[in-house]
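Chain and residue survey
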Amino acid sequence: MAISLDSLARAERPRAKRGTYFVQTWGCQMNEEDSEQMARHLEGIGFAPAGSAMEAHVILLNTCSVRKKPEDKAFSMLGELALLKQRRPEIIVGVCGCMAQLRAQEIRRRNPFVDFVVGTGQIASIPGLVEEAAQTRKFQTRLALPERKGAVVTDVPARVLPAVAPPRPKIKSFVPIQYGCDKFCTFCIVPTTRGRERSRPTEEIVQEVRGLAALGTKEVTLLGQTVNSYGKNLAEGRVPFSKLLWLLFGIPGLERIRYTSPYPRDFRADLIETIRDCPKVMEHVHLPLQSGDDEMLQSMKRLYSVEGYLQIVQDLRKSVPHMSLTTDIIVGFPGETDEQFERTLDVVREVRFDGAYMFIYSPRPGTPAGEMETQIPLMVKKSRLRRLADLQNAITVERNEALVGETFEVLVEGASPKDPSAGQGYSREFKMIHFPLEGRSADELAGQLVQVRTDKAFLWGLSGKLR
């Protein structure tokens, strides 16, 4: 009987020796990977995963500060946990991540029941803080003492990866190759929450990916705030991002390499050639545009022009004709006029992205853009977002419809959550594709590369049949 990677992962999770934990994550892929590290640290001291926060003994909130909405969600969940802690005073609550880095004192003031607040660079301190909180709780209970205020740890040094537990077997894994950012876009809080740009040593990355592949990982996504600027200021000397990709290409068992997010100014010819020539590097690039107007890009302190961006797109599609392109776009940045917004729509029409993450500008305290006096009314921002989304969604459907009848290589991830009789996975071009299992087991197919001929197109992707 075949054993799927998912079932193997479940089997290898530790039994609860000391209790259970739950990690709630908001934000980007870097936050998701941080949460994985938190889980491994907690499992290293005897905790096992819980099904929900309500059942857990240790609850960690891994927060995001890129926009206001995830911060609001974090404070809302803290309100719910305050009520839970009244019923179960023994639980341990920690707030981690970008919002913790930025607003630690406010979190403590508004939520005195929180046991500790941990920033982005101190994930390795979590086991010790949990141990300390557990011992303090016993001491307070025995002597009927009032609760003390929780610890705050928000320095931003180089991150320490856990050695207490091996990675879990997974089909797809995130691998951070770089922390922090040196670009200082006027709308972005990341340099404050994650520090200046720091690249991990090349051999350390190669060994981590080699270990993941040995455990069954078929696809890795390399993470960095500006991932293609990797390799500066390394003790070993500068290592271009393209060279790192070729080093990973040689790892046995690894089938696919993705990365996010590259920065347009650092997108050079050697990377385009690597995408074209390296069989394991996928034909998909997520290249943030943010605005289609040069004055807006300057105000955002995005260090490229619309013309330069379009040249990268042209070079990519010339080298790899079936290249898939996705992007990020902000609407309603301070001072954006109707004409400047229309230029963004024009660029979207010209490039014809396969998909886009589209956002209303959200002022971030402590950023230059947050202090600008030319803030755009919310109703105007919402109207612009609707127009942009309508345009991009129509283009996405049209591009997907043009792919009907083609055959794609799909990495099977398992059964569709909405239809257990169908399997699902992504193509090399990052198109989600569903297909009938036709009596086959999703667990048996998970982790395999299959060929699917598409027959229908949707906004979310395509469907088809196994060949």
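Small disclaimer: the values here were computed from a predicted structure and weren't measured.

Basis of the calculations
- Starting afresh in each chain, residues are numbered from 1 along the sequence in its written order.
- Restriction of local features to residues with pLDDT of at least 70 applies here, the model being predicted, together with a cutoff of 80 or more for giving and counting side-chain atom pairs; totals for whole chains, interfaces and linings are based on all residues.
- Hydrogens are left out, water is left out, and the side-chain values use all remaining heavy atoms of the structure.
- Runs of E in the DSSP output that reach at least two residues are strands. Runs of H or I that reach at least four are helices, and both are numbered from the N terminus.
- Contacts between residues were defined by any pair of non-hydrogen atoms, one from each residue, lying within 4.5 Å.
- Reported accessibility uses the Shrake-Rupley method at a 1.4 Å probe radius. Residues are deemed covered only where the shown protein chains occlude them.
- Pairing of aromatic rings covers Phe, Tyr and the six-membered ring of Trp, with a centre-to-centre limit of 6.5 Å; geometry is then stacked below 30 degrees between planes, edge-to-face above 60, and tilted otherwise.
- Remark: exposure states derive from per-residue accessible area (1.4 Å probe, protein chains only) relative to the maximum for the residue type, with buried under 20%, exposed over 50%, and partly exposed in between.
- The rule is short: NZ of Lys or CZ of Arg within 6 Å of the ring centre and within 35 degrees of the ring normal puts a charge over the ring.
- Note on disulfides: each one is a pair of cysteine sulfur atoms within 2.5 Å.
- By convention a crossover is right-handed if, when the strands point away from the viewer, the path from the first strand over the helix to the second runs clockwise.
- For helices, the axis comes from a line fit to the C-alpha atoms of the stretch in contact; other axes are also lines fit to C-alpha atoms, and the angle between any two N-to-C directions lies between 0 and 180 degrees.
- Oblique is the label for every angle not falling under 35 degrees (roughly parallel), over 145 degrees (roughly antiparallel), or within 65 to 115 degrees (roughly perpendicular).
- Only Asp, Glu, Lys and Arg are considered charged in this grouping, and only Ala, Val, Leu, Ile, Met, Phe, Trp, Tyr, Cys and Pro are considered nonpolar; every other residue, Gly among them, is considered polar.
- A pair is scored as a salt bridge if a Lys or Arg side-chain nitrogen falls within 4 Å of a carboxyl oxygen belonging to Asp or Glu.
- One fewer than the residue count of a helix, multiplied by 1.5 Å, yields its expected span.
- Polar contact is defined as a pair of N or O atoms within 3.5 Å, subject to the rule that within protein one atom must be able to donate a hydrogen and the other to accept it, and that residues adjacent in sequence are counted only when both atoms are side-chain atoms.

1. Points about the overall build of the chain
Each helix and strand in the chain was counted, giving 14 helices and 19 strands. Summarising the internal contacts of the chain: among those between residues at least 6 apart in sequence, 74% fall at separations of at least 24. Summing over all exposed atoms, the chain offers an accessible surface of approximately 20,700 Å²; the carbon and sulfur share of this is 53%.

2. A few points about the packing of aromatic side chains
Tallied over the full model, the rule gives nine aromatic pairs. Here Tyr304 and Tyr309 contribute two aromatic rings whose centre-to-centre distance is 6.3 Å and whose plane-to-plane angle is 35 degrees, an arrangement assigned as tilted. Given the relative accessible area of 12%, Tyr304 is considered buried. Residue Tyr309 is classed as buried on the basis of its relative accessible area, which comes to 1%. An aromatic cluster is built from Tyr263, Tyr304, Tyr309 and Phe353, whose rings are joined through pairwise contacts. One cation-aromatic arrangement involves Arg110 over Phe75; the distance from NZ or CZ to the ring centre is 3.7 Å. Lying across the ring of Tyr263, Lys183 places its NZ or CZ 4.9 Å from the centre.

3. Some words on the state of the cysteines
Counted under the stated rule, the structure contains zero disulfides. Unpaired in terms of disulfides, Cys185 finds its nearest cysteine sulfur in Cys188, a separation of 6.0 Å. Take Cys185: its relative accessible area is 8%, and that puts it in the buried class.

4. Some points on the environment of Leu244
Looking at where Leu244 falls in the secondary structure, it is placed in helix α8 (residues 241-249). On the accessibility criterion, Leu244 (0% relative accessible area) is buried. Along the chain, Leu244 and Thr202 lie 42 residues apart, while their C-alpha atoms are 7.0 Å from each other.

5. A word on unusual backbone geometry
A cis amide bond links Thr260 with the next residue in sequence, Ser261, at an omega value of -10 degrees. Along the chain, Ser261 falls in the loop between β11 (256-260) and α9 (269-277). At Gln290, a residue that is not glycine, the phi angle is positive and equals roughly 75 degrees. One can find Gln290 in the loop between β12 (284-286) and α10 (294-300). On the basis of relative accessible area, Gln290 is assigned to the buried category, the value being 7%. One non-glycine residue with positive phi stands out, namely Arg352, at about 55 degrees. Note on placement: Arg352 falls in the loop between α12 (338-351) and β14 (355-360). Judged by its relative accessible area of 29%, Arg352 is partly exposed.

6. So, the pairing of β11
Of all five residues in β11, five are buried, a share of seventy percent or more. Residues of β11 alternate between two faces, with Arg256, Arg258 and Thr260 on one and Ile257 and Tyr259 on the opposite face, all of them buried. In the classification by handedness, the crossover that spans strand β10 (residues 219-223), the intervening α8 and the parallel β11 is right-handed.

7. A word on the packing of α12 against helix α13 (residues 378-401)
Following both chains from N to C, one finds α12 and α13 inclined at 10 degrees, their axes separated by 10 Å at the closest point. In terms of orientation, α12 and α13 fall into the roughly parallel class. Each of Asp338, Phe341, Glu342, Leu345, Val348 and Arg349 in α12 lies in contact with α13, whose residues at this interface are Arg384, Arg387, Leu388, Leu391, Gln392 and Ile395. In terms of residue class, the contact of α12 with α13 is built from six nonpolar, one polar and five charged.

8. As for the pattern of salt bridges
Per the stated rule, a full pass over the model turns up 31 salt bridges. Notably, a salt bridge pairs Glu71 with Arg103, separated by 2.5 Å at the nearest N-O pair. Separated by 32 residues along the polypeptide, Glu71 in helix α3 (residues 68-87) and Arg103 in helix α4 (residues 98-110) bring together distant segments of the chain. Glu71 sits in the buried class, given a relative accessible area of 3%. Here Asp266 and Arg265 are joined by a salt bridge, their closest N and O atoms 3.8 Å apart. Classification of Asp266 by relative accessible area gives buried; the value is 10%.

9. Examining α13
Between its first and last C-alpha atoms α13 spans 34 Å; for 24 residues at 1.5 Å apiece the expected length is 34 Å, and the two agree. Among the residues of α13, those classed as buried are Lys381, Arg384, Leu388, Ala389, Leu391, Gln392, Ile395, Thr396 and Asn400. Against the buried residues of α13 lie β13 (324-331), α12, β14, β18 (449-457) and β19 (461-466).

10. Notes on the side chain of Ser291
Locating Ser291 in the fold gives a position in the loop between β12 and α10. For Ser291, the side chain forms a polar contact with the main-chain nitrogen of Asp293, separated by 3.2 Å. Leaving out residues up to four positions away in the same chain, Ser291 has contacts with Met296, Leu297, Met300, Val306 and Thr344.

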